[in-house]
Amino acid sequence: EPSMLVIAALSVAFWADPEPGVKIQARGTWRYAAKNSPNGVVLREPMELTSLFPYVAMSRDPSFTAKEAAKELAADLKVKEIDWAKQMVIMVMPGAQPSGGYRVEVASASIEKGVMTVKWKLHKPTGKAADVISYPSEAILVPRHAGKVEFDPPIKK
């Protein structure tokens, strides 16, 4: 009977996880990842860029603002701009690596029980790598999420 089918479909829709996967809208490398960078960062507004990365502001003239930092971050993500009312940025920076050629990859982001989990990997260099300490990073642009964000594997502090 059609009415039973409708009820069954509505109950499946109601009980299903409403946000199993989070769409990664853009990705890029944060150009200022360095020795003093925090390792896992969630940015929900541009002002957090200047407070989390004070050395960026110190390396510039005093006119360097959150707005300009957000423009640089948007450029790193290869997007025109970040709509902070609808989007947020998550950065994974696992710290100093012993050579060049290391790469961070955010594999996925998902939401379960109100917690966003960001799965990531650190890829080791293949072949010859520059003999220099490197600071690999990846920044992702995702839809804004007000809840907690966790990293998998956990990022050391």
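Scroll up to find the structure.
Residues numbered from 1 in each chain as written. Predicted model: local features only at pLDDT ≥ 70, side-chain atom pairs only at ≥ 80, totals over all residues. Heavy atoms only, no water.

I would appreciate a short explanation of the sheet that holds strand β5 (residues 115-123) in the present structure.
Think of a sheet as strands paired side by side through backbone hydrogen bonds, with each pair either parallel or antiparallel. Here 3 strands make up an open sheet; going across it, the order is β4-β5-β7 and the pairing mixed. Edge positions in the sheet fall to β4 (103-112) and β7 (149-152), since each of these pairs with one other strand and no more. Across this sheet, the average inter-strand angle for adjacent strands is 25°, counted without regard to direction. Relative to β7, β5 runs parallel, the two being bridged by 4 bridges. By the bridge assignment for β7, lysine 119 is matched with aspartate 152. (Pairing = 2+ DSSP bridges. Helix = DSSP H or I, 4+ residues; strand = E, 2+ residues; numbered from the N terminus. Axes fitted to C-alpha atoms, helices over the stretch in contact; angles between N-to-C directions.)

Got a minute to help me understand unusual backbone geometry in this structure?
Both trends apply: most residues other than glycine have a negative phi, and most peptide bonds are in trans. Of note, the amide linkage connecting aspartate 152 to proline 153 takes the cis form, showing an omega dihedral of 5°. Among the structural elements, proline 153 can be located in the segment after β7. The phi angle at lysine 78 is positive, at roughly 60°, despite the residue not being glycine. Looking at where lysine 78 falls in the secondary structure, it is placed in the loop between α4 (66-76) and β3 (87-92). On the basis of relative accessible area, lysine 78 is assigned to the exposed category, the value being 67%. Look at lysine 113: it is not a glycine, yet its phi comes out positive at around 55°. Structurally, the position occupied by lysine 113 is in the loop between β4 and β5. (Buried < 20%, exposed > 50% of the residue type's maximum accessible area, 1.4 Å probe, protein only.)

Read these as spatial facts, not as claims about activity.
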